[in-house]
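# Coordinate analysis (summary)
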Amino acid sequence: MILYFTGTGNSFYIAKKLSQALQDELLCINDRIKKNDNTPVESQKPLVFVLPTYAWRIPKVVEEWINRTEFSPNTDAYFVMNCGSDIGNAEKYLIRLCQTKTFSFKGVKEIIMPENYIALYNAPEAPEAKRIIQHAEPAIEDCVELIIHNSFFQKRTPSAADRIKSSFTNPVFYRFVVKADKFKADDKCIGCGKCKTVCPLNNIELKENKPVWGKNCTHCMACICKCPVEAIEYGKSSTGKPRYQCPL
């Protein structure tokens, strides 16, 4: 089973490619989290988690969902993490998660995809995004071959910087950066409610036909990047930046 969490489409793109190549079913973790659905997941095939990288680890909301959910009968677990630069020492924390869940950890694969975190960085325009995705295709194909043969993904050797990023920077990021108070909709807002629909944490409500954000945010960038009229800004950080959705 291919289980994915996605904000702007990168994880979904990879998950769909894996699903087609492995002839395996897809499960959207966003939908499960949005519905507060922790019903058991049954899979005869290995679990393949396709996830974005948030501050050099998997998203906290996904880890919490995995911990609340029972998986059977196959508990071999592969992790495919897409990122704009690198995944740091995420492997250490995935091994810890697998020990908690009694999963058989089959490794983690890093796949470079277009940057989407416009709260801090610049996203590429569509032509550059397509080029980055094309460069990612061999890594996706490598995942397929290893999973088909029930092989392990290659073990990573973290650097000192990797360890610092995943151990120190990650909790600082969640404590001081991951907040929704800078999200605002400007006068271009048409009150369509798409931001509310795509939010996996039900953190957006429409009041007087305008979105209002609560405090339960994971910074997936779905609301700001999927707004059809680009009416949402994240303070001054997103001003003038291209919005990103996976172009393929």
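For clarity, every value in this text was computed on a predicted model and none was experimentally measured.

### A closer look at the packing of aromatic side chains
Applying the stated criterion across every chain, the model contains 13 aromatic pairs. Ring centres of Phe-183 and Trp-213 lie 5.6 Å apart, and the angle between their planes is 20°; on these two criteria the pair is classed as stacked. Of the two residues, Phe-183 is situated in strand E8 (residues 183-185) and Trp-213 in strand E10 (residues 210-213); the sequence distance between them amounts to 30 residues. Overall, Phe-183 belongs to the buried group, its relative accessible area being 3%. Taking the relative accessible area as the measure of exposure, Trp-213 reaches 13% and is therefore buried. Residue placement shows Lys-60 over the ring face of Tyr-174; its charged tip is 4.3 Å from the ring centre. Positioned above the aromatic ring of Phe-152, the side-chain terminus of Lys-106 is 4.1 Å from the ring centre.

### A look at the sheet that holds strand E4 (residues 47-52)
Taken in spatial order, the five strands line up as E2-E1-E4-E6-E7 in an open sheet, and their pairing is parallel. Here the strands that pair on one side only, and so sit at the sheet edges, are strand E2 (26-28) and strand E7 (104-112). For this sheet the average axis-to-axis angle between neighbouring strands, irrespective of direction, equals 20°. Inspection of the sheet shows strand E1 (residues 2-4) paired to E4 by three bridges, in the parallel sense. Note that in E4 the partner of Tyr-4 across the bridge is Val-50. Sitting on the sheet, helix H5 (residues 126-148) touches E4, strand E6 (76-83) and E7, and the angle it makes with E7 is about 165°.

About the cut-offs
Residue indices begin from 1 for each chain and proceed along its sequence in written order. Local features in a predicted model are, by the rule used here, given only for residues with pLDDT of at least 70; side-chain atom pairs are given and counted only at 80 or more, and totals for whole chains, interfaces and linings are based on all residues. Side-chain metrics rest on all non-hydrogen atoms present in the structure, leaving aside hydrogens and water. The criterion for an aromatic pair is that two Phe, Tyr or Trp rings (for Trp, the six-membered ring) have centres within 6.5 Å, with stacked assigned to planes under 30 degrees apart, edge-to-face to planes over 60 apart and tilted to the rest. Secondary structure elements are defined from DSSP: runs of H or I of at least 4 residues count as helices, runs of E of at least 2 residues count as strands, and each element is numbered from the N terminus. Burial status follows relative accessibility: with a 1.4 Å probe on protein chains alone, a residue under 20% of its type maximum counts as buried, one over 50% as exposed, and anything between as partly exposed. Our definition puts a charge over a ring when NZ of Lys or CZ of Arg is within 6 Å of the ring centre and also within 35 degrees of the ring normal. Whether two strands pair depends on DSSP finding at least two bridges between them. In this description, a line fitted to the C-alpha atoms serves as the axis of each element, helices being fitted only across the stretch in contact, and the angle between N-to-C directions of two axes falls anywhere from 0 to 180 degrees. Residue contacts are counted whenever heavy atoms from the two residues lie within 4.5 Å of one another.

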